[in-house]
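Single-letter residue listing:
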Amino acid sequence: MEEVLSKYKTVKADEVQVWFKAASVLAFPTDGGACVKYKDLQIAVFNFSRLNAWYACQNLSPEKQEMVLSRGMLGDQKGTPKIACPLHKKTFSLVTGENLNGNLDPIAIYPVKIEDNFVYIGFSE
Amino acid sequence: MKKVIVVGNGMVGYKFCEKFVTKEGSEKFQVTVFGEEPRPAYDRVHLSEFFENQDAKALEMAPRSWYEEHNINLITDVRITDIHRSKKTITSANEKEYAYDYLVLATGSSPFVPPIKGVEKEGVFVYRTIEDLEGMLAYAAKLKVKNPNAKAAVLGGGLLGLEAGKAVMDMGLEPHIVEFAPKLMPRQLDSRSSQVLQLKLESIGLNIHLSKATNQILGDDGYITGMEFGEDDKLDVEMLIISAGIRPRDELGKTCDLDMGVRGGIVVNNKMQTSDPYIFAIGEVALYNQMIYGLVAPGYDMAEVAASQIIGNIEVLMPAEIDMSTKLKLIGVDVASFGEPFMPASKGHSIIFENKTQHLYKRINVSLDGKSLLGGILVGDASDYNMLHQVFLNGMPIPEDPAQLILPATEGGAFGSALDLPDEAQICSCENVTKVQICGAIKDGSCEDLAGVISATKASTSCGGCKPMVTDLVTETLKSLGKTVKNVICEHFEYSRQELYGIVKAKKLTSFNEVLDACGTGHGCETCKPLVSSIFASLYNDTPNKEDVTQDTNDKFLANIQRNGTYSVVPRIAGGEVTPENLIVLGRIGKKYNLYTKITGGARIDFFGAELNDLPAIWKELIDAGFESGHAYGKSLRTVKSCVGSTWCRYGLAESISFSIELENRYKGLRSPHKIKGGVSGCIRECAEARGKDFGIIAVEGGWNLYVGGNGGATPRHAQLLAEKIDNETVIKYLDRYLVYYIQTAAPLMRTAAWLDKLEGGIEQLKKVVIEDSLNIVEDLEKEMQFLVDAYECEWKQAIENDEMKKRFSHFVNSDDRDDNLVFVPLRDQKMPKLWEKEVKEVTL
Ligand SMILES: Cc1cc2nc3c(=O)[nH]c(=O)nc-3n(C[C@H](O)[C@H](O)[C@H](O)COP(=O)(O)OP(=O)(O)OC[C@H]3O[C@@H](n4cnc5c(N)ncnc54)[C@H](O)[C@@H]3O)c2cc1C
Ligand code: SF4
Ligand code: FES
């Protein structure tokens, strides 16, 4: 499991080598999330339409090691967009990955871009 | 830079670091910490929680990154083996040498294992570290596969032993406690309270064996099979946890010739200095006043003293008297003792209140002049512990008739307000926070609320025992400043649930964004989104399909999420009545989708382990066979349980099954602040346990008695009588009114029992509203309920018939693959999710 966890590393915008074409924007619920498979990774992608922004992070909950973050709930804490894990409502910043209501390790964050109504996620390999 | 080395990264070693780095001048020191355990310090006091979730991270005192951020060099998995006092260095097991200017020994203690023949056998454990617990869990799991009724014993009936006994029970083994003394918790309790505790523990299923000296651990092929006490006195057990006391881990002190106690422990003075002024000892390894203190609070005080001394604040000293009051956190049983629990008659008088049938025992010891409280014991109900403890600690005056302090009739009355405590009263002993610090933080404006005070003072962040009092002080202080303590929902809405309900209703708002734009700020969160959804559901009977992204996860997927991210499936079986044909259908579906199957406490059938992708197909088959959603996932009506009543039972006075089916069908799908359960019994023998439900109906001569506000679970409450001898229509009429009134006025996640408690005037007031119509609203209440009943639709039917709605039941958006992270293991003849910690081992092997 530690190995599963170690597969997820934050990718910064300037580190992107591959823009993976995930799915049409319509496949994602408004103000909600869905999970994208890329190689052996599971990435949670969120359409935060109130902010007019898209975010992506690991689907793996660092607390329980289950693939569930895409099924969590979007929200903001003092303006910072966040995702609440559906298992115990641990919340994570979608900008930095930081755990906002506890001491859990941060989650990995990936860049997202929209082109021609398609969602692309940025990976470094 | 001066070097400080801390040996031992346990609770106290960690606390030393935390205190040290916040002190002025600490930047002149380089701190290095050695820990023998593989992970950074964790909360041993709450170790037993590991059994619930196997979540080691959640117990961490601070993550590794915290040590980095504070420039502390943390070296784990390394044991220190020697101290060379003359050259001021230490060596580690891997033969490295490190120099120090100051050395702090925080090596704690280890469980004492008595030299009984056979203790080395497999299946014998101690209870101190996460690794110990992992070992026990793995062993217990193996045992249960071989023998589902396996027994396990705990050697030692003290504070820790009883906690271990509870853990054994939670692991699903038959628990036995074996104690050498003739009573439980011999160090904290007198004989009578010990007996009351024993009765209580036996009533929840612990088997207790007193006055037993274990001669030998019996075994077969190296594995434990039993314990032998005397020639014909044996107990068959397949696992044993030893909890027979602790021994300080003082070996480092011994080998370098520090002054030691005769029975172990490194001797320290009130500066926490050992006989070598450059070496300090703190926590459970330190012998202070000829005592080892096996509790965290004194350990934390020692950490503060040692940190101050090393920095140079030499006036900070350890007090001579150390408070050893304790409140046990044994789940389900309150036990506390404070001050002098036992007292010879020459020193004072004891006042004892005992009620064996309710497993209650309270004793207070009062000085001969009757003016002060010297100590006491509480078993069965320790809700007054915090206040009594404060009265004792601060030598506060007690009532002329001290019995008032413990008599049940004077609840709260004898104490007055928490604000009457002296300013310097220590409210949180773990974090050493006084009343004036808590109230001051509010008064000087630096904190606004409870959360602020907790994060500023750290009060209540360790054992948590002081939380009720901290809460009281904050609320009372706010009130005294004329600030209303407003129950706002979250940062996005400055309203209570009831207020928001009114606004949504008045403005006829129908989507979350509309509500946010109309009366909120920001973009919502996991608190307000589900709350608004629940208001919509209560007002319009909207199913979660309408706006799934604002629903709690269970509502969103119309199924309860389980610990590995799979779901459970629970079709409605109204009144628990099911035809053999339908049972066969359920069996076929369970088999086809390989679901773990169990009968629930609500008399229906629960399937577990369904993958997200399979949910629509499973539900399609159920619905085709005539089933519908059981709403087990919702804050809504669950079941109306019933006995067989006059249909079959020779005592029955009325047809309880038919009525429960009618009621369950009437209120199914009804969304509310929390779940609602009902029950119908055919006579006062009460086989349906209706009075443990939110509404309960019992047949009597001349009609039904209607009870409301009952609860089972963790805070059991008997429902209270609302109306007597009424007919079916009147029951429904009153129930409609009662339920809608509850839905409109309760706080989020508040069950009817708590709501009725909070309702001013209680049940009498409810009778006025519901029966006498004192508020002139019953017509509206009834109309509202009829609207909700008419608006009912099975949400699973909706979901499977609509492709757009069905879309969300797929693990990936760009692939039909399943979640490959899921692993199941066999459990008896079925399956269960694999435990995560075990997976770690397999992967890394
Ligand atoms: C199940 C359980 C429940 C408890 N409940 C309560 C409670 O409700 N209330 C309460 O007040 N107390 C409770 N306690 C007691 C409390 O946990 C201890 O008082 C506290 O942990 C003592 O802290 P410490 O740092 O002195 O020792 P520890 O937490 O034991 O830490 C010592 C650390 O030093 C390490 N170490 C030892 N020797 C070396 C060496 N030579 N080199 C490197 N590292 C070394 C050890 O491996 C250990 O990690 C409980 C204890 C247990 C086990
Ligand atoms: S409650 Fe009365 S009627 Fe119902 S099963 Fe029990 S004894 Fe029979
Ligand atoms: S008394 Fe333990 S946390 Fe306050």
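### Considering the overall build of chain B
- A count of helices and strands for chain B gives 28 helices and 38 strands.
- The burial tally for chain B puts 54% of its 845 residues in the buried class.
- In chain B, the proportion of contacts linking residues at least 24 apart, taken out of those at least 6 apart, comes to 62%.
- Entry remark: accessible area of chain B is about 37,300 Å², with carbon and sulfur atoms responsible for 50%.

### Some words on the environment of H70 of chain B
Residues and elements named next belong to chain B.
- Topologically, H70 is positioned in the loop between α4 (64-69) and β3 (72-75).
- Distance in space between the C-alpha atoms of H70 and T22 is 9.3 Å, their sequence separation being 48 residues.
- Of the polar contacts made by the side chain of H70, one reaches the backbone oxygen of W66; its length is 2.9 Å.

### A short note on the packing of helix α16 (residues 528-540) of chain B against helix α25 (residues 778-790) of chain B
All names here are of chain B.
- Running from N to C, α16 and α25 point in directions that differ by 100°, and their axes come no closer than 8 Å. By the angle class used here, α16 and α25 are roughly perpendicular. Note on element contacts: α25 touches α16 through E784, F787 and L788, opposite A537, S538, L539 and Y540.
- Residues belonging to the contact of α16 with α25 are distributed by class as follows: five nonpolar, one polar and one charged.

### A short note on the side chain of H523 of chain B
- Mapped onto the secondary structure, H523 of chain B falls in the loop between α15 (512-519) and α16.
- Its relative accessible area of 17% is what places H523 of chain B among the buried residues.
- A distance of 3.2 Å separates a polar atom in the side chain of H523 of chain B from a polar atom in the side chain of R50 of chain A.

### A few points about the sheet that holds strand β14 (residues 223-230) of chain B
Residues and elements named next belong to chain B.
- Judged by pairing direction, the sheet is antiparallel, and its three strands sit side by side in the order β13-β14-β15 without closing on themselves. At either margin of the open sheet sits one strand with a lone partner, and together these are β13 (216-220) and β15 (233-236). If you compare each strand with its neighbour and ignore which way they point, the axes differ by 30° on average.
- Here β13 runs beside β14; their pairing, made up of five bridges, is antiparallel. The residue of β14 that forms the bridge with D220 is Y223.

### Comments concerning the packing of aromatic side chains
- The full count for this structure, using the stated rule, is 27 aromatic pairs over all chains.
- Here the aromatic rings of F16 of chain B and F20 of chain B are separated by 5.4 Å at their centres, their planes lie at 20°, and the arrangement is stacked. Here F16 of chain B and its partner F20 of chain B are both found in helix α1 (residues 11-21), four residues apart, which amounts to about one turn of the helix.
- A centroid spacing of 5.4 Å and a plane angle of 70° characterise the contact between Y742 of chain B and W755 of chain B, whose relative ring orientation is edge-to-face. Placement of the pair is Y742 of chain B in helix α22 (residues 728-745) and W755 of chain B in helix α23 (residues 752-758), with a sequence separation of 13 residues. For the pair shown, Y742 of chain B and W755 of chain B are each scored as buried.
- Sitting over the face of the ring of F118 of chain A, K21 of chain A holds its NZ or CZ atom 4.2 Å from the ring centroid.
- In this structure, K88 of chain B is placed above the aromatic ring of Y278 of chain B, and the distance from its NZ or CZ to the ring centre is 3.7 Å.

### Here we look at the site of ligand 2
- Every residue close to ligand 2 is listed here: C643, G645, C649, Y651, G652, G682, C683, R685, E686 and C687 of chain B.
- Here the shell around ligand 2 is built from residues that sort into five nonpolar, three polar and two charged.

### Some points on the nonpolar core
Residue and element names in this part refer to chain B.
- V4, F16, L105, M272 and I282 are the most contacted members of the largest nonpolar core, which totals 93 residues.
- The element best represented in this core is helix α9 (residues 296-311), accounting for nine residues.
- A56, I116, L133 and I377 belong to the second-largest nonpolar core, a separate cluster that totals 55 residues.

### Points about α9 of chain B
All names here are of chain B.
- In a regular helix each residue adds 1.5 Å, so 16 residues correspond to 22 Å; α9 covers 23 Å between its end C-alpha atoms and thus fits that length.
- Taken across its 16 residues, α9 has 14 buried, putting it largely inside the fold.
- Of the residues flanking the end of α9, it is G312, one or two places downstream, whose phi is positive at about 120°.

### Thoughts on the confidence of the model for chain A
- Mean pLDDT over chain A: 85, with 96% of residues reaching 70 or higher.
- Highest mean pLDDT in chain A belongs to strand β8 (residues 109-110) of chain A (92); lowest belongs to helix α1 (residues 2-6) of chain A (67).

### So, unusual backbone geometry
- Phi is positive for E95 of chain B, which is not a glycine, with a value near 65°.
- Relative to the elements of secondary structure, E95 of chain B occurs in the loop between β5 (89-92) and β6 (97-99).

### A look at the pattern of salt bridges
- All told, the structure shown has 42 salt bridges over all chains when counted by the stated rule.
- Its salt-bridge partner being K57 of chain B, residue D105 of chain A comes within 3.6 Å of it at the nearest N-O pair. Here K57 of chain B lies in helix α3 (residues 56-59) and D105 of chain A lies in the loop between β7 (91-93) and β8, a pairing that spans two chains.
- The salt bridge partner of E131 of chain B is R39 of chain B, with a shortest N-O separation of 2.9 Å. Residue E131 of chain B is found in helix α5 (residues 130-146), and its partner R39 of chain B is found in the loop between β2 (29-34) and α2 (49-53); the two are separated by 92 residues along the sequence.
- According to the relative accessible area criterion, E131 of chain B is partly exposed, its value standing at 30%.
- The exposure class assigned to R39 of chain B is partly exposed, which follows from its relative accessible area of 22%.
- Through salt bridges that share partners, K15, E18, E431 and K458 of chain B make up one connected network.

### Things to note about the interface of chain B and chain A
- Contact with chain B, which involves 45 residues of that partner, is made by 47 residues of chain A.
- Summed over both sides, the interface between chain B and chain A buries roughly 3,900 Å², with carbon and sulfur atoms accounting for 50% of that surface.
- Summed over the shared surface of chain B and chain A, the result is three salt bridges.
- The tally of links between chain B and chain A comes to twelve residue pairs in polar contact (both at pLDDT 80 or more).
- Secondary structure elements with two or more residues in the side of chain B that touches chain A: α15, α16, α17 (553-556) and α28 (836-844) of chain B.
- Per-element tally for the side of chain B that touches chain A: the top contributor is α28 of chain B, with four residues.
- Considering only residue class, the side of chain B that touches chain A consists of 15 nonpolar, 16 polar and 14 charged.

### Re the side chain of H492 of chain B
- Along the polypeptide, H492 of chain B turns up in the loop between α13 (467-480) and α14 (497-507).
- Polar contacts involving the side chain of H492 of chain B include one to the main-chain carbonyl oxygen of G524 of chain B, which spans 3.5 Å.
- Contacts of H492 of chain B, omitting those with residues within four sequence positions, involve D76 of chain A together with L516, G520, T521, G522, H523, G524, C525 and C528 of chain B.

### A word on the sheet that holds β5 of chain B
All names here are of chain B.
- Spatial ordering of the open sheet is given by β4-β5-β6, a layout of three strands whose pairing is antiparallel. The sheet is open, and its two edges are formed by β4 (80-84) and β6, each paired on a single side. Going from strand to strand, the sheet's axes swing by 25° on average, the running direction of each strand aside.

### Some points on the pairing of strand β33 (residues 676-681) of chain B
Residue and element names in this part refer to chain B.
- By the criterion of burial, β33 is predominantly enclosed, with five of the six residues buried.
- Judged from the four bridges that link them, strand β32 (residues 637-642) and β33 form a sheet pairing that is parallel. Residue pairing across strands places K641 opposite G679, the latter belonging to β33.
- Here four bridges tie β33 to strand β34 (residues 695-700), and the two strands are oriented parallel to one another. Among the inter-strand pairings, V680 is bridged to a residue of β34, identified as I697.

### Details of the confidence of the model for chain B
Residues and elements named next belong to chain B.
- Chain-level statistics for chain B give a pLDDT mean of 87 and a share of 96% at 70 or above.
- Across residues 838-845, confidence stays below pLDDT 50; counting only partners more than four residues off in sequence or on other chains, it has ten contacts.
- Among the prediction metrics, the complex's ipTM stands at 0.89, with pTM recorded as 0.55.

Definitions and limits used
- Residues numbered from 1 in each chain as written.
- Chains lettered and ligands numbered in written order.
- Predicted model: local features only at pLDDT ≥ 70, side-chain atom pairs only at ≥ 80, totals over all residues.
- Heavy atoms only, no water.
- Helix = DSSP H or I, 4+ residues; strand = E, 2+ residues; numbered from the N terminus.
- Buried < 20%, exposed > 50% of the residue type's maximum accessible area, 1.4 Å probe, protein only.
- Contact = heavy atoms within 4.5 Å.
- Areas by Shrake-Rupley, 256 points an atom, 1.4 Å probe, with all protein chains shown as cover.
- Polar contact = N/O pair within 3.5 Å; in protein donor to acceptor, adjacent residues only side chain to side chain.
- Axes fitted to C-alpha atoms, helices over the stretch in contact; angles between N-to-C directions.
- Parallel < 35°, antiparallel > 145°, perpendicular 65-115°, else oblique.
- Nonpolar A, V, L, I, M, F, W, Y, C, P; charged D, E, K, R; others polar.
- Pairing = 2+ DSSP bridges.
- Phe/Tyr/Trp six-rings, centres within 6.5 Å; stacked < 30°, edge-to-face > 60°.
- Lys NZ or Arg CZ within 6 Å of the ring centre and 35° of its normal.
- Near = heavy atom within 4 Å.
- Core = buried A, V, L, I, M, F, W, Y, C linked by side-chain atoms within 4.5 Å.
- Expected span 1.5 Å × (residues − 1).
- pLDDT = per-residue confidence, 0-100.
- Salt bridge = Lys/Arg side-chain N within 4 Å of Asp/Glu carboxyl O.
- Buried area = accessible area lost by both parts, 1.4 Å probe.

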